[in-house]
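Residue strings, one per chain:
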Amino acid sequence: MKKIYLAIAFITSFFNANAQGVNEALQYSITDMNGTARFRSVSGAFGALGGDLSAVSINPASSVVFANNQAAFTLNNNYNSIKSQYFDTKTETNTNNLSFNQIGGVFVFENDDNSSGWNKFALAINYDNQANFRNSVFLSGENPTNSIDQYFLNQARGMKFSDISGLEFNEMGFQQTQVALGYDSQLLDYDSTNNVFYANISHAPDGKKYSQQSTYKNTGYNGKLTFNFSAEYDKKLMVGINLNAHFSEFTQQKNFFEKNDKANYDSGATVKSISFYNELQTKGAGFSLQVGGIYKPTPELRLGFTYDSPTWMVLEDQLSQRISTTGVVVDTPGPPPTYKSFSHNIDPRTPIVFEPYTIVTPDKWTFSGAYIFGKEGFISFDYSIKDYSTIIFKPFNQFNDPKGNNSNNIFPTLFGTSNEFRVGAEKKIKQWSLRGGYRREGSPYVDKSYMSDLEGFSGGIGYNWGGTKLDFAYSTSKRSYKEEIFQNIPDLANFSKRNHNFTVTLALEF
């Protein structure tokens, strides 16, 4: 129980961190089910089948299943709906995005040496979008107890006024910048007697609430470029390896707004409204590898196995911020005091550039099986295991401090092992193919109340002209989760996200 309580306390201080936090750890560790229309229509259950370019991303041995050279191009339309609730207020935000989701080709080489047990070889190169970060969220609610001042006070803990006085924003680090933004906007003041910062937002128990809104817009992607080699031995065993290059760009524009009608302080200033804008840009690249095999004990039965190494992603963050405040300040002490209004707009116009760092995502094991009904179709399944508690941030001297929010030591407490199950089927009717699939992916959290299991369904249709194939797919998935409306405001908002994807792929043999 102690570990669970620790995880809960950690989450409420760590959700939606500006950079290098829990959200980022999951952002690069959880991958979407993206790829060709045929792949998506059977929910990605292709680990023991092959013969599809996106199947290569599940099992490297898949490419040698192709009978001929092939190229494929995929266009995807992603529509997602995010429903949220913050206290008693419910909102919904919808986002639509059209993109080229996959492009690749495979070259198959028959071995003419009859004395060798190796029948053929294949080389493939394929690009898949592993994650689409594009979405928008709007949150709104009346918070009875907690204000954004908790964020600034937390940043100011242990700091003195001398840590920011006389410095320009371009001379400050992240923590100094947060405190300077709070102080220059009059949200924070300094008690020189006790050498501590304090907030000018009233917490008087007058029954009035803090009206809070948070709007953020995410854009970007996480892509994987695969260089594949596979071979077939004795027409029963297929083996392969993938060398993967990863590319990622992510931008989050987030604006938090808060106002209150609480009682004014009878001395000094009282802040009545705050608008705090943050724009985080992250760029990175990485590497991973996969090894896999497919074995055919009978012509109809296929068994597959794949090991996915961790992905080593080197990332760079850049954060731009500005803050605006309005309020009143005591004009004459009174009693009763009189007040005059003030407003501040602080825009450093100097982004905070963080040192490059590395995230090591979990490795994954996948076990697959399929039964082929001759030329009539197939049924297949994949089962994957991924341990999210093994996520690591580097350098270790920066992220292994047990007292720090970015500590690697918390991940084994916060995260656990996730199991994913995918099943799919295809029925061929002359040149037509009908497909369907189901998948369920477990939550990465030990406490699933922070993120539920993901459940998804899919279906599709395809037509084969011989050397040309055209496939369509529809897939949908749903997952609920919780996040803070802003860092250090411990009240969690509830989200329910549903994705709808419409995919079309053109495949050409040559």
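Now for a description of the structure that goes with this document. The shown structure was predicted, so the numbers you read here are calculated from the model rather than taken from an experiment.

1. Overview of the nonpolar core
Line of reasoning, step 1. Counting 60 residues, the largest nonpolar core has Ile-148 and Phe-415 as the members making the most contacts within it.
Line of reasoning, step 2. Among residues more than four places away in sequence, those in contact with Ile-148 are Ile-201, Gln-212, Phe-256, Glu-258, Ile-274, Phe-276, Phe-486 and Ile-489.
Line of reasoning, step 3. The next biggest cluster of nonpolar side chains, apart from the first, holds twelve residues, and it includes Leu-53, Val-64, Val-108 and Ala-122.

2. Quick look at the side chain of Ser-147
Line of reasoning, step 1. Secondary-structure assignment places Ser-147 in the loop between strand S4 (135-143) and helix H4 (149-156).
Line of reasoning, step 2. The class of Ser-147 is buried, set by a relative accessible area of 0%.
Line of reasoning, step 3. In this structure the side chain of Ser-147 is engaged in a polar contact, spanning 2.6 Å, whose partner is the side chain of Glu-258.
Line of reasoning, step 4. The residues contacting Ser-147, other than those within four sequence positions of it, are Ile-201, His-203, Tyr-210, Gln-212, Glu-258 and Ile-489.

3. Looking at a nonpolar patch on the surface
Line of reasoning, step 1. On the surface, Phe-107, Phe-109, Leu-123, Ile-125, Phe-227, Phe-229, Ile-241, Leu-243, Phe-287, Val-291, Trp-312 and Phe-510 cluster together into a nonpolar patch covering about 1,100 Å² of accessible area.
Line of reasoning, step 2. Of all the secondary structure elements, the ones that give two or more residues to the nonpolar patch are strand S2 (89-110), strand S3 (118-132), strand S7 (210-233), strand S8 (237-260) and strand S9 (269-295).
Line of reasoning, step 3. Among the structural elements, Leu-123 can be located in strand S3.

4. A word on the packing of aromatic side chains
Line of reasoning, step 1. Inspection of every chain in the model, using the stated rule, returns 33 aromatic pairs.
Line of reasoning, step 2. Clustering of aromatic rings is evident, with ring pairs tying together Tyr-357, Phe-393, Phe-411, Phe-415, Tyr-445 and Tyr-450.
Line of reasoning, step 3. Directly above the aromatic system of Tyr-277 lies the positively charged group of Arg-322, at a separation of 4.1 Å from the ring centroid.

5. Description of the pattern of salt bridges
Line of reasoning, step 1. Under the defined criterion, the tally for this structure stands at 13 salt bridges.
Line of reasoning, step 2. A salt bridge links Lys-262 to Asp-206, with the shortest nitrogen-to-oxygen separation between them at 3.3 Å. Here Lys-262 is found in the loop between S8 and S9, whereas its partner Asp-206 is found in the loop between strand S6 (196-199) and S7, with 56 residues between them in sequence.
Line of reasoning, step 3. A salt bridge links Arg-439 to Glu-420; its shortest N-O distance comes to 3.9 Å. Remark: Glu-420 occurs in strand S18 (residues 417-429) and Arg-439 occurs in strand S19 (residues 432-441); sequence separation between them is 19 residues. Like Glu-420, Arg-439 is buried.
Line of reasoning, step 4. Connected through salt bridges with shared partners, the residues Asp-382, Glu-420, Arg-422, Arg-439 and Glu-441 form a single ionic network.

About the cut-offs
- Residues numbered from 1 in each chain as written.
- Predicted model: local features only at pLDDT ≥ 70, side-chain atom pairs only at ≥ 80, totals over all residues.
- Heavy atoms only, no water.
- Core = buried A, V, L, I, M, F, W, Y, C linked by side-chain atoms within 4.5 Å.
- Buried < 20%, exposed > 50% of the residue type's maximum accessible area, 1.4 Å probe, protein only.
- Contact = heavy atoms within 4.5 Å.
- Helix = DSSP H or I, 4+ residues; strand = E, 2+ residues; numbered from the N terminus.
- Polar contact = N/O pair within 3.5 Å; in protein donor to acceptor, adjacent residues only side chain to side chain.
- Patch = residues over 30% accessible without salt bridge, like charges linked within 9 Å, V, L, I, M, F, W, Y side chains within 5 Å.
- Areas by Shrake-Rupley, 256 points an atom, 1.4 Å probe, with all protein chains shown as cover.
- Salt bridge = Lys/Arg side-chain N within 4 Å of Asp/Glu carboxyl O.
- Phe/Tyr/Trp six-rings, centres within 6.5 Å; stacked < 30°, edge-to-face > 60°.
- Lys NZ or Arg CZ within 6 Å of the ring centre and 35° of its normal.

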